[in-house]
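As a plain string of letters, each chain reads:
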Amino acid sequence: MSVDRVTVAVDDILSRIYSGEFSVDEPLPPEADLATLLEVSRPTMREAVRSLSTRGVLKVVHGRGTFVNPIDSWTDLPTMIAAFIHTESPRQIGLQLIELRRMIEVGACGLAARNRTADDITALRKHLETYSVAEKHGDITGVTQADLAFHTTILKASKNPFLSAIMIPLQDALSASRKLTSSDESIRNRATEHHKVILAAIEDGDEDRAKNAMRAHMTQTADDIATHLSDEPAKA
């Protein structure tokens, strides 16, 4: 069985869920019909259903069929975000992600100030330098990657492995939001200043100052998202 075929079948089912063709209230087509609809073999279709069941997207009820779970029952964050992209605006998604980031990254920044090593500080400085070079060249992709790397390094510097495990699955969504805001020069400049203050607090080992610096950065980022991102959901 081809893994690629399973992936295509998974994406096809998800696309039909996002579009509303497969809804929470109605069972998916019977097994043979679903395989035909997806243009895959029945074993491939079953593997696709199994994959989505492990993400909490589908529920197989023996004797009744396969059903789509309500989105708040899904357990895979990237899949959940992809669904929200079809119903909520980039602004709303960005603000919801910032709420999550604020809850996690403020505390993580304090832990990083307490637990950081010399290597962590070196890595953070390198990411800021990379950010600066990319910013000067108008390289938005480079800016976005350096920004993500800076924040990911703070999570790692906290020395709590669960924090990275929570945030890394959100990288694609965070990257998309950052690319939209980072296209604005004034936002890039503000981010640079916030990053410098955060780094200084972590390097000094000042937990309270580090948390306050990250909190201020999250507040500014939320303001930028509210001001610059669209309030219209993506078209299906």
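Right above here is the structure, for reference.
Overview of the structure. No experiment lies behind these values; they were computed from the predicted model shown.

### Thoughts on the overall build of the protein
Across its full length, the protein holds eleven helices and two strands. Listing the helices and strands of the protein from first to last along the sequence gives α-α-α-β-β-α-α-α-α-α-α-α-α. Oriented by its inertia axes, the alpha-carbon framework of the protein measures out at about 65 × 35 × 30 Å. Burial statistics for the protein: of 236 residues in total, 42% are counted as buried. Residue pairs in contact within the protein that sit at least 24 positions apart in sequence constitute 69% of those at least 6 positions apart. Distance from the positive charge centre (27 side chains) to the negative charge centre (34 side chains) of the protein: 3 Å.

### A word on the packing of helix α10 (residues 185-204) against helix α11 (residues 207-228)
Packing of α10 against α11 brings their axes to within 8 Å, and their N-to-C directions diverge by 165 degrees. With respect to α11, the element α10 is oriented roughly antiparallel. The chirality of how α10 crosses α11 is left-handed. Where α10 abuts α11, its residues Ile187, Arg190, Ala191, His194, His195, Val197, Ile198, Ala200, Ala201, Ile202 and Asp204 lie against Arg209, Ala210, Ala213, Met214, Ala216, His217, Gln220, Asp224 and His228. Per-class residue counts for the contact of α10 with α11 are eleven nonpolar, five polar and four charged.

### Quick notes on unusual backbone geometry
Positive phi values are uncommon outside glycine, yet Glu39 reaches one of about 60 degrees. Turning to its location among the elements, Glu39 is positioned in the loop between α2 (31-38) and α3 (42-54). Given the relative accessible area of 65%, Glu39 is considered exposed. With phi around 65 degrees, Lys159 is a residue other than glycine that occupies positive phi space.

### Section: α2
Within α2, the full set of buried residues consists of Leu34, Ala35 and Leu38. In an axial view of α2, the angular spread of the buried residues amounts to 100 degrees, which keeps them on one side of the axis. Following α2 by one or two positions, Glu39 has its phi on the positive side, about 60 degrees.

### Let's talk about the environment of Arg178
Relative to the elements of secondary structure, Arg178 occurs in helix α9 (residues 171-182). It is 8.8 Å that separates the C-alpha atoms of Arg178 and Val143, two residues lying 35 residues apart in sequence. The residues contacting Arg178, other than those within four sequence positions of it, are Arg101, Thr144, Asp147, Leu148 and His151.

### Concerning the pattern of salt bridges
The full count for this structure, using the stated rule, is 14 salt bridges. Residues joined in a network through salt bridges with shared partners are Asp12, Arg16 and Glu21.

Rules used throughout
Residues numbered from 1 in each chain as written. Predicted model: local features only at pLDDT ≥ 70, side-chain atom pairs only at ≥ 80, totals over all residues. Heavy atoms only, no water. Helix = DSSP H or I, 4+ residues; strand = E, 2+ residues; numbered from the N terminus. Buried < 20%, exposed > 50% of the residue type's maximum accessible area, 1.4 Å probe, protein only. Contact = heavy atoms within 4.5 Å. Lys, Arg positive; Asp, Glu negative; His and termini not counted. Charge placed at Lys NZ, Arg CZ, Asp CG, Glu CD. Axes fitted to C-alpha atoms, helices over the stretch in contact; angles between N-to-C directions. Parallel < 35°, antiparallel > 145°, perpendicular 65-115°, else oblique. Left-handed = near helix turned anticlockwise from the far one by under 90°. Nonpolar A, V, L, I, M, F, W, Y, C, P; charged D, E, K, R; others polar. Arc of directions from axis to C-beta. Salt bridge = Lys/Arg side-chain N within 4 Å of Asp/Glu carboxyl O.

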